[in-house]
Structure formats: structure tokens, C-alpha cells
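Observations on the three-dimensional arrangement
Read off the chains here:
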Amino acid sequence: EENGVADLKVPLISQVSYFSEVDKEKDEEDEEPDETEELMAKGKISRALFWKYFKSSDSYFLLFMFLVLLILGQLGSSGSDFWVAFWTNQVELQHTGILQNYSLTDETLDSANRDKLENAGIVFRNSTAPESSGAHYHNNMALWIYGILIATCTICTTVRNLIFFRICMNAGKNIHNLMLGCLLQAPMKFFDSNPSGRIVNRFSKDIGCVDELLPIALIDSIQVFAVMVGILSQVVIINWWTIFPMGVMGYFYLKIRSLFLATAQDLKRLEGITKSPVFSHVNASLAGLATIRSAGGQEMLRKEFDSHQDVHTSANSLLISSSAAFGLWLDIVTIVFVAFITYSFIILKNDTTSAGNVGLAISQILILCGMLQYGMRQTAEMTAQMTSVERVLQFTELDKEGPFDSQANAKPPATWPHQGQIKFDHVYFKYSEKDSPVLKDLNINIEPGLKVGVVGRTGAGKSSLIAALFNLAQLEGAIHIDEVDTKKIGLHDLRKKISIIPQEPMLFSATLRDNLDPFHHFKDDQLWAALEDVELKGYSESLDYLVTHGGANFSAGQRQLLCLARAIVRNNKIIVLDEATANVDPATDALIQRTIRDKFKDCTVLTIAHRLNTVMDSDRILVMDHGQAVEYDLPHKLLQKQDGYLKRMVNETGTTMADRLKKIAEDAHTRNGPSDDETPNT
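Under an unreviewed UniProt entry, the name given to the chain is ABCC4_4 protein, and the source organism is Fopius arisanus. Listed under Subcellular location (unreviewed entry) in UniProt, the entry text for the chain is "Membrane".

For the structure on display, the rule yields 16 salt bridges. A salt bridge links Arg 457 to Glu 652, with the shortest nitrogen-to-oxygen separation between them at 2.9 Å. Of this pair, Arg 457 sits in the loop between β5 (451-456) and α11 (462-469) while Glu 652 sits in the loop between α18 (645-651) and α19 (655-672); the two residues are 195 residues apart in sequence, bridging distant segments of the chain. Of the residues examined, Arg 457 reaches a relative accessible area of 44% and is grouped as partly exposed. For the salt bridge of Lys 599 with Asp 533, the shortest nitrogen-to-oxygen distance reads 3.3 Å. Here Asp 533 lies in helix α14 (residues 524-533) and Lys 599 lies in helix α16 (residues 586-599), a separation of 66 residues in the sequence.

Moving on, we get to the environment of Phe 82. Tracing the sequence through the fold places Phe 82 in helix α2 (residues 60-107). Measuring from C-alpha to C-alpha, the distance between Phe 82 and Ile 231 comes to 9.7 Å, with 149 residues separating the pair along the chain. In this structure, Phe 82 is in contact with Gln 234 and Ile 237, ignoring residues within four places of it in sequence.

All right, on to the layout of surface pockets then. Volume-wise, the largest pocket comes out at about 2,400 Å³. Along the wall of the largest pocket there are 48 residues; nearest its centre are Phe 470, Ile 500, Met 506, Phe 508 and Arg 566. At the level of secondary structure, the elements contributing two or more residues to the lining of the largest pocket comprise α4 (124-184), α5 (188-193), α11, α12 (491-495), β8 (498-501), α15 (556-570) and β9 (574-578). Considering each element in turn, the lining of the largest pocket owes the most residues, seven residues, to α15. Grouping the constituent residues of the lining of the largest pocket by class yields 27 nonpolar, eleven polar and ten charged.

The linkage connecting Trp 416 with the following residue, Pro 417, adopts the cis geometry, with an omega of -15 degrees. Phi is positive for His 626, close to 55 degrees, though the residue is something other than glycine. Mapped onto the elements of the fold, His 626 is located in the loop between β11 (620-625) and β12 (628-633).

All right, on to the state of the cysteines then. Such a bond, covalent and formed between the sulfur atoms of two cysteines, is termed a disulfide. Enumeration over the complete set of coordinates arrives at zero disulfides. Between Cys 153, a free cysteine, and Cys 156, which holds the nearest cysteine sulfur, the sulfur-to-sulfur gap is 7.9 Å.

Let us now look at the side chain of Lys 205. Residue placement: Lys 205 occurs in helix α6 (residues 196-238). The buried category is assigned to Lys 205, whose relative accessible area is 12%. For Lys 205, the residues in contact, after removing those within four places along its chain, are Val 200, Lys 268, Glu 271, Gly 272 and Lys 275.

Right, let's get into the sheet that holds β5. Pairing is mixed across the open sheet formed by six strands, whose spatial order is β8-β9-β10-β5-β11-β12. For this open sheet the edge positions go to β8 and β12, each flanked by a neighbour on one side alone. Going across the sheet, the axis of each strand differs from the next one's by a mean of 20 degrees, ignoring polarity. For β5 and β11, the ladder comprises five bridges, and the chain directions are parallel. Its bridge partner lying in β11, Gly 456 is registered against Met 624. Along the sheet, α11 makes contact with β5, β8, β9, β10 (604-608) and β11, crossing β5 at roughly 130 degrees.

Here α19 spans 26 Å end to end across 18 residues, near enough to the 26 Å set by a 1.5 Å rise per residue. When we look at burial in α19, the residues that qualify are Ala 658, Leu 661, Ala 665 and Ala 668. Summarising the axial view, the buried residues of α19 lie within an arc of 95 degrees, below the 170-degree limit, and thus occupy one face. α19 presents Thr 655, Thr 656, Arg 660, Thr 670 and Arg 671 as exposed residues on the side facing more than 90 degrees away from its buried surface. Turning to α19, the residues buried within the fold contact α17 (635-638) and α18.

Moving on: the pairing of strand β6 (residues 474-481). In this structure, strand β3 (residues 422-430) lies alongside β6, joined through seven bridges in antiparallel fashion. Along β6, the bridge assignment pairs Lys 430 with Gln 474. One ladder, built from two bridges, connects β6 with strand β7 (residues 484-485); its direction is antiparallel. Pairing of Ile 481 across the sheet is with Val 484, part of β7. Hairpin connection between β6 and β7: a loop of two residues separates the two successive antiparallel strands, and Asp 482 in this loop has a positive phi of roughly 50 degrees.

Counting residues in hydrophobic clusters, the biggest one holds 36 residues, and the most contacted among them are Tyr 53, Phe 164 and Val 389. Elements with a minimum of two residues in this core: α1 (47-55), α2, α4, α6 and α10 (355-394). Residues contacting Phe 164, with those up to four places away along its chain left out, are Phe 54, Phe 66, Pro 215, Leu 218, Ile 219 and Ile 222. Core analysis: the next-biggest nonpolar cluster, separate from the first, contains 33 residues, Phe 424, Ala 468, Leu 622 and Tyr 632 among them.

Scored by pLDDT, the chain has a mean of 79; 82% of the residues are at 70 or more. Every residue in residues 1-35 is under pLDDT 50, and counting partners more than four places away or in other chains gives 48 contacts. Contacts from residues 676-682, a stretch scored under 50 in pLDDT, to residues over four places away or in other chains number eleven contacts.

Before going further, it helps to spend a moment on the pairing of strand β4 (residues 439-446). Within β4, six of the eight residues are buried, which leaves the element mostly enclosed by the surrounding structure. Bridging between β3 and β4 involves five bridges; their strand directions are antiparallel. Directly across from Lys 423, in β4, lies its bridge partner Asn 445.

About the criteria used
- Residues numbered from 1 in each chain as written.
- Predicted model: local features only at pLDDT ≥ 70, side-chain atom pairs only at ≥ 80, totals over all residues.
- Heavy atoms only, no water.
- UniProt positions renumbered as here; feature names shortened; annotations may be inferred.
- Salt bridge = Lys/Arg side-chain N within 4 Å of Asp/Glu carboxyl O.
- Helix = DSSP H or I, 4+ residues; strand = E, 2+ residues; numbered from the N terminus.
- Buried < 20%, exposed > 50% of the residue type's maximum accessible area, 1.4 Å probe, protein only.
- Contact = heavy atoms within 4.5 Å.
- 1 Å grid on protein atoms, 1.4 Å probe; cavity = no way out; pocket = protein on both sides within 12 Å on 5 of 7 lines; lining within 4 Å.
- Points joined across faces, edges and corners; volume = space filled by probe spheres on them.
- Nonpolar A, V, L, I, M, F, W, Y, C, P; charged D, E, K, R; others polar.
- Disulfide = S-S within 2.5 Å.
- Pairing = 2+ DSSP bridges.
- Axes fitted to C-alpha atoms, helices over the stretch in contact; angles between N-to-C directions.
- Expected span 1.5 Å × (residues − 1).
- Arc of directions from axis to C-beta.
- Core = buried A, V, L, I, M, F, W, Y, C linked by side-chain atoms within 4.5 Å.
- pLDDT = per-residue confidence, 0-100.

In C-alpha cells:
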């Protein structure tokens, strides 16, 4: 890779892929990153990223009001400081004039002239009384003006902050919802090639930064900029030549900031990436905790976790150290500048130098330096935290499935499918463009109402057959359900018409009602009837009973029965069973099989079998091998083939089990009666 990235050796990170939002040169895009590598942006934070963030608040009116209140608040703040200085100068001039009047009366006028002036009523020491009254009146007016400016600053700043945090809250919520929506619409290949820790990292750490840390850094940076503009304006008015040392100081500040940001941005991105393996490791450890303890692998897992954590801590420690160095250099520049300005008033003192101006200038310089230091830190922090927005927005640009909704002229009727016929017409199926097809030229016609068992060795394509039926990846050819091409209708219309009972039951952390009917389309009596069919009606007295995470408050068999009850409620014409009885006891197995025969007798049922005894009584057996349908017929007929695939699989189970399986197939054939149906080409 370029820029020496290939020379960076970091433990537990095989390779870091860079995705640039700013530098789009072709020489940086010669090598496409692998999908399994987490993307990390490169270069400066784009200004367009800030606009995307504020634009996601969906309120231009709030943005306009924030800008107006920002200007009014700063005018009130700077105006109050300027008014105090002006007021101080006026009082100083007034007292200077009074002292001069007293001096003139006592020292320069003789007694005769003084008597004449006194007779004329023009006595300076007496004439100060009206001036004092006038000064008192002006003091009241000055206090009112000062109070109005302070009130304006306080009210505008408070309302401004409320509006700004409302903007940030809306932006954070909309970005989160956008990322979640895009993630839910991502193809299954994305979830297969990205560990859960990366996704959890985006939704926990990055969203946390966007919601909690970024708004504070943003409002502080904006406030510092506004205050700095106000202070610079006043200092330039008081002592215009100080703009030159300020320019020098600003140059050094910006130079130090640019050097820091060049490092801090990449460190922040690296810190975010190195946290993903920590989340992935914790999730995997919790999922396999029973196996880890039974195998005594706690110490090995602890060391592996410490290794992941050390990598993350190393990146975070570098970020903290660079921030400390950044603050130190800002302090050095600030001390030099304050000393220069302070001594300049001593060296260049003249008759026009007033105490009010000097006090205002020094106080404003101290505020300016403090604000600049804090502002530089906050702008750097703001830019670093914007990497979280950058990482979140990366997940809004994922590939999407679709279309999810059918076009008006292609939308299937509400009663579709009313029979349940499935026809695979020269189907090729692969999970990505780079992969070879996992299903090859599949041609099968499954008649309505048939119970079909799908068997085959590991990697034969059994699960891919179901994935193709749900249109989970790239599909070539056509799958027709009741003469409707599944590629020409929306995914929502397709998938909600097919029920699946997986090998590992999926339950939500919600109420029993939400697990049986997530979209609340059915009445409570229908839900109770489904629970009664699977003998779970007496388990809970209310449909509001809370199901804990993963259904931990149910046994493995009960979780599978709940999934079966969910399928009963939906009452779809096509049912897919992915070895639904693999992890249950014999009694629950018998209950599930009996319920399937009774409740789904008019439905087309596809059963993915890992145990042959669960499908030997099916109407048809589909044998898959290397992505092809090699056999499809009645189980009894397939067992009559001397060198058939199914017969070889049955014989490999052993003599006793083979005889039992043949007996099951023969009994089912006798029970269902002889069938002369022509088997489609396979």
C-alpha cells in the first residue's frame, strides 16, 4: 500500500483498508479492499461531512434561527464589554475635568476676579453640583444599557444552545435510523463477511460519540469562533497594530493544530477499528461460554482478550499523549503572546493611553488566549469526533437488497399463493459476484401440497436452496410460485408468504404476543389457538408474558414450539423446516411432527434434513450434491435404485438403521397409496 501503510505492523490486525472521502486520486484506488476487512477513512475530514451531519437534522429553519441567535448573543456579549470600557472612559474624563476646574479656581484666579465670577454666579466649584446630578443620571442610563446588553446575551445564548442541541439530537437520531435502515436492507453476504463486533461498535461507541461528545465539542468550537471574532474586533478598535502579533500567534496556533489533526484523525480512526475485535471477542465468548468452561479454556480466552484490549489501549494511549503535547505547545505560544501585549502598553505608553482601554485590551487578550487554547482543543476534538459520523455514514452506503416493494402492475394478489406450487427453472445461485454458483442449473417442479425432504452431504446446497427461495442473494434463472416469478415481485411480498422454522429458534426480547405476531395482524384468540395446538397454552396466563433474550426462560423444545406456533398463526401455503427437531427431545419431536401433519396438510412443506429418519416418510425426497439436484422422487422408489444417491446414504447409516429407514419409506408408500406421477427432470 501507499504512504508506508504496509510497513505498519500492528498485532491482531492483519490489514487495514483505507477508504478516502477526500482524496479520490486514482493511484490510491488501484487495490480494492476485501469485504472482510474493516474500512478506515484516510485524509482530512471533508467539509461535506459537516454539512451531511447538520443536513440530517431535517430543519433548515432551526439552522437559520441558530445562526441569528448566535450573532445576536455575541453582539450582546461584545457590546457589554465595549460599553463598560466606554463608560469607564467617560467617568475618567469627567473626574479629570473636575480636578482641572478646582485647580484653575484655586491657583490662577485672584480674589477680585473670583469675587466677580462669584457675583456673576459662575463659580467652578459650585458649578460641579449640576454636573454631579447629570453624572448620576448618566450612570443610571449606563446601567440600563449594560443590563439590556447582558440580558440580550444571556437570553440569546440560552435559546441558541437549546436550539443547537435539538438540531444535534435530531441529526443523531436520523443518522442512527438511517444506518439501521440501511443495515436491515443489506444483503446476507455483508453479515457473513463482517463480524458482529464491527456492527456493535458502530451502534455503541460511534453512536455514543455522536450523541454525547460531538454536540459539546461542536457548540464549544462555534462559541469560541464567535467570541474570538468579537474580541479581535474590540482589540483592533482599541489598539489596531496588535493585529500583527495576533496574526503571528494565529499562524502558530493553526500550524500546531494542523500538525496535531494530521495525527489525531488517523489515531481516532485506528482507535475505533481496534475496538471492533474486542466486541467480537466478547460476543463470541458469551455465546460459547458453556463450551469454554467445559473445555477449561478460560485462561486462553482471557489472554486472547487481553491481546485485543492491548491493541486498542495502545491506539487510545497514543491519542491521549498527542492531545497532551498539543496542549503544551499551545500554552507556550499563549504565554509569549500575553507577555508581548502586556509589556507593549508599558513601553509605548503616551497621553492617549487610558486605563479603561488598557484594562479592556488586557482582559480581552487574556480571554482571547484562554478561548483560543480551549477552542483549538475543542476544534481538534470536534474533528476527531466527526470520525464517528464518518464511520456511521459508511454503513449508510452499503449495498442493498431489493426491490422491497412490488411495482403496481406486478404486485401479486392478496390470496397468493393459493396452491403452493414451486418451480425451479434453470436456477443458478451465488452469494456474490466473485463466488462460483452454489446452485447449478436447478430444475425441479414441486407440486402443491407435497411434503418434500431435502437431503445431501455437507456443502451439497441444501441451505442454499432455501436461500434461493427467499431470494437472499444473486439469482439467475427463475423460481415460480403459483406461476409468479419471485424475481419480479418485491421482497416483502415474497418473504412474508413463506414461513420458516429454523434449526435454532429465533425469539425476540419482547412479549409473547410480539413473538407470535410481530406486526399485530391477528387477534388474541388466534394466538391462543396456535399456542393450544403446540400445547403451550398453559405456560402463561397472558400474551404479555415477557420473553427474555434468546428465549432463555423457555426450554429448547418450547422455543421450537413457539416458532411452530408462529408459523401456524401465519398460515402460509409454503413452509420451510430447517431440521426443526434436531435439538429437541423425542416427545417434542413427535408433537412437532404430528402438528406439521395436521396443521400443514394442505401446505407445501420443504424439510432440510440432517437426519434421514425425519424425512423418509415424505411425499418426495430431493437429493442434492454439489449444488445440483441428482435425485427427486418417492423415497420408496429412490431406495429401489441399485446405485442411487439416497440408497448409498441410507446404507452408510448401518444395517440396523438402514433397515429401519427402508421400513419407514415402505410404510409411507403403502399408506399414501401407489403413485404414478411423472417425476420432473432433475
